[in-house]
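If you want the building blocks of each chain, they are given just below.
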Amino acid sequence: MTAFDQVSTGISGLDKVLGHLRWGDNVVWQVENIQDYRDIVLPFVKRALADQNTVIYLRFGQHSPILQPDPQIKEYQLDASLGFEAFSSRVHSIATQEGDGACYVFDSLSDLLTVWVTDLMLGNFFRVTCPYLFKLNTIAYFALLKNRNSYST
């Protein structure tokens, strides 16, 4: 797999508009609610599994789970209340352990505000995490809830 290989979102019309995804993409969806995010994630996960890609779900949100337990999906429970450094280090360790070519689904990043308090910390998490996921040729889905974060985030 190379950065030029096309990967499907699982939604054919969206693939046409975007020209597909590429390995290394970090995709942030601004959504009205968690169900909207789930509606985008589920086709992506279904397609990734059909294409025999590793799917990893990072669960830390206070909202209902984006993905239901499935033996084909690796789920990691993370505790954001341990702080920015512990949380970010754990995500980095998971990515290192899982290696190249995985598909990641993160819970809503907006939920991190309840424990980290500021959008600055959320932005810092994104700045340290996404370049590493890019380097590992992964595809990662993130969500921000509309009107919950600052515009700069």
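Cut-offs used in this document
Note that residues are indexed from 1 along each chain, following the sequence as it is written. In keeping with the predicted nature of the model, local features appear solely for residues at pLDDT of at least 70, side-chain atom pairs appear and are counted solely at 80 or more, and the whole-chain, interface and lining totals rest on all residues. Side-chain descriptors were evaluated using all non-hydrogen atoms of the structure, hydrogens and water having been removed beforehand. By salt bridge we mean one thing: a side-chain nitrogen of Lys or Arg within 4 Å of a carboxyl oxygen of Asp or Glu. Here a helix means four or more residues in a row that DSSP labels H or I, a strand means two or more in a row labelled E, and each is numbered from the N terminus. A 1.4 Å probe rolled over the protein chains alone gives each residue an accessible area, and that area as a share of the maximum for its type sets the label: buried under 20%, exposed over 50%, partly exposed in between. We treat two strands as partners when DSSP finds at least two bridges between them.

**A short note on the pattern of salt bridges**
Next up, step 1: Applying the stated criterion to the full structure yields 3 salt bridges.
Next up, step 2: Among the salt bridges present, the one from glutamate 98 reaches lysine 74, with a minimum N-O distance of 2.8 Å. Residue glutamate 98 is found in helix α3 (residues 84-98), and its partner lysine 74 is found in strand β5 (residues 73-77); the two are separated by 24 residues along the sequence.
Next up, step 3: When its relative accessible area of 39% is taken as the criterion, lysine 74 is described as partly exposed.

**Remarks on the pairing of strand β3 (residues 26-31)**
Next up, step 1: What you see with β3 is a clean split: Val27, Trp29 and Val31 sit on the buried side and Asn26, Val28 and Gln30 on the side with no burial.
Next up, step 2: Here β3 runs beside strand β7 (residues 139-145); their pairing, made up of 6 bridges, is parallel. Its bridge partner being in β7, glutamine 30 is matched across the sheet by leucine 144.

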